[in-house]
Amino acid sequence: KIIVHYGAQEMGPLAIECRHHYGFYHIFSERVIVEILNDKGETADPGAPGNITVTCLDNTVMPLIRYQPGDIGILHYDKMCECGNKSPLLEIKSRTTDVIKFSTGEERSARRILRQFSREPFVSRVRRFQVRQDTLDEVIVLLEMRGSIAEKSIAALEKKLSSMYGGALRIHVRQTSLIPQDGPKFKVFVPLKK
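These lines cover the structure that appears in this document, whether it is placed above or below. (Residues numbered from 1 in each chain as written. Predicted model: local features only at pLDDT ≥ 70, side-chain atom pairs only at ≥ 80, totals over all residues. Heavy atoms only, no water.)

**What to know about the overall build of the chain**
For clarity, the threshold we go by: A run of H or I in DSSP becomes a helix once it reaches four residues, and a run of E becomes a strand once it reaches two; helices and strands are each numbered from the N terminus. Burial classes: relative accessible area under 20% of the type maximum marks a residue as buried, over 50% as exposed, and values in between as partly exposed (1.4 Å probe, protein chains only). Residues count as neighbours in contact if any of their non-hydrogen atoms are within 4.5 Å of one another. Only the protein chains shown count as cover for residues, and the accessible areas themselves come from Shrake-Rupley with a 1.4 Å probe. Two residue types count as positive, namely Lys and Arg, and two as negative, namely Asp and Glu; His and chain ends fall outside the count. Throughout, a charge is located at the NZ atom of Lys, the CZ atom of Arg, the CG atom of Asp or the CD atom of Glu.
Of regular secondary structure, the chain possesses three helices and 13 strands. If one aligns the C-alpha atoms of the chain with their principal axes, the spans along those axes are about 55 × 40 × 35 Å. Across the 194 residues that make up the chain, the buried fraction comes to 41%. At a minimum sequence separation of 6, the contacts of the chain that also span at least 24 residues come to 51%. Counting only carbon and sulfur atoms, one obtains 53% of the accessible surface of the chain, whose full area is about 11800 Å². On the chain, the mean spot of the 29 positive side-chain charges and the mean spot of the 23 negative ones are 6 Å from each other.

Dropping the structure here:
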């Protein structure tokens with residue numbers, strides 16, 4: 001049986017998806033403390049999204065206290081669950097690192113763009129891809145190609161992706177033979193530098 005869980009590479013599984021609430025996760029309270037903090041490092045208001053912050057209770061070799069894996073979520077204490085698990089439900093909203101910034105001050109998830117490249121024709125023709133934001137209101141999508149895609153299809157893709165953000169986001173898709181790496185780990189989304 002396949003079980004969906006939420007976790008971090010540094011800590012392993014932290015919560016398991018509730019079989020009655022798709023997209024909500026019961027916390028493994030015996031092994032972790034989960035908090036939702038705002039940008040000031042204070043506890044977020046009930047029902048408000050914030051930075052998922054985890055303290056691991058069973059890692060004595062490398063204790064992680066108030067570790068932030070980079071995800072935004074909401075902790076629900078008020079949901080009574082039919083499955084019988086009494087631990088709070090964690091709702092994952094987005095990643096802090098996968099956020100597109102706009103000149104209006106608005107921030108929106110890059111997930112809509114990232115999902116487009118997990119289907120054809122990209123799976124068979126694109127070795128890997130990267131979405132980069134170097135300026136406000138604009139992203140560049142680099143496609144490391146196995147085989148080229150017609151420019152007409154690229155133009156249609158740019159238009160489609162831009163419309164997903166109400167036309168407020170300029171999107172440039174570029175085909176390349178190699179995506180340069182920014183550090184030791186390849187990043188699928190490179191956020192705007194502060």
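**Structural notes on a positive patch on the surface**
Applied cut-off: Two joining distances apply to patches: 9 Å for like charges and 5 Å for nonpolar side chains (Val, Leu, Ile, Met, Phe, Trp, Tyr), and every residue must have over 30% relative accessible area and no salt bridge. Between Lys or Arg on one side and Asp or Glu on the other, a salt bridge is scored when a side-chain nitrogen of the former is within 4 Å of a carboxyl oxygen of the latter.
On the surface, Arg-111, Arg-115, Arg-119 and Lys-160 cluster together into a patch of positive charge. Secondary-structure assignment places Arg-119 in the loop between helix H1 (111-116) and helix H2 (122-125). In this structure Arg-119 comes out as partly exposed when scored by relative accessible area, which is 41%.

**Details of the sheet that holds strand E12 (residues 170-176)**
To keep things clear, this is the line we draw: One bridge is not enough; two strands pair if DSSP finds at least two bridges between them. Inter-axis angles, ranging from 0 to 180 degrees, are taken between N-to-C directions of lines fitted to C-alpha atoms, where helices are fitted over the stretch in contact.
Strand order across the open sheet formed by four strands is E12-E11-E10-E13, with mixed pairing between neighbours. The open sheet terminates on both sides in strands that have one partner only, identified here as E12 and strand E13 (189-190). Pairing of strand E11 (residues 138-145) with E12 involves seven bridges; the strand directions are parallel. Within E12, the residue paired with Ile-140 across the bridge is His-172. Relative to E12, helix H3 (residues 151-164) is tilted by about 145°, and along the sheet it contacts E11 and E12.

**Here's the deal with the environment of Ile-33**
Here Ile-33 lies in strand E4 (residues 32-37). By relative accessible area, which is 42% here, Ile-33 ends up partly exposed. Through-space distance from the C-alpha of Ile-33 to that of Ser-148 is 48 Å; in sequence the pair is 115 residues apart. Those residues in contact with Ile-33 that sit more than four places away from it in its chain are Thr-53, Val-54, Thr-55 and Leu-57.

**Remarks on the packing of aromatic side chains**
Heads up, the condition is: Two aromatic rings from Phe, Tyr or Trp, using only the six-membered ring of Trp, form a pair when their centres are within 6.5 Å; if the ring planes differ by under 30 degrees the pair is stacked, by over 60 it is edge-to-face, and anything between is tilted.
Counting across every chain of the model gives three aromatic pairs. When the centroid spacing of 6.4 Å and the interplanar angle of 55° are considered together, the rings of Tyr-6 and Tyr-25 count as tilted. Within this pair, whereas Tyr-6 is found in strand E1 (residues 5-8), its partner Tyr-25 is found in strand E3 (residues 24-27), the two being separated by 19 residues in sequence. Among the residues examined, Tyr-25 registers a relative accessible area of 13% and is labelled buried. Arranged with centres 4.8 Å apart and planes meeting at 35°, the rings of Phe-117 and Phe-129 form a pair that is tilted. Residue Phe-117 is found in the loop between H1 and H2, and its partner Phe-129 is found in strand E10 (residues 126-135); the two are separated by twelve residues along the sequence.

**Re the pairing of E3**
Of the two faces of E3, both are covered, the one formed by Phe-24 and His-26 as well as the one formed by Tyr-25 and Ile-27. As defined by bridge partners, strand E2 (residues 12-17) adjoins E3 across three bridges and the pair is classed as antiparallel. Opposite Glu-17, over in E3, you have Tyr-25 as the bridge partner. Between E2 and E3, which pair antiparallel and follow one another directly, the connecting turn spans six residues, one of which, Gly-23, has a positive phi of 85°. As defined by bridge partners, E3 adjoins strand E7 (residues 89-95) across three bridges and the pair is classed as antiparallel. Looking at E7, one finds that Phe-24 is bridged to Glu-91.

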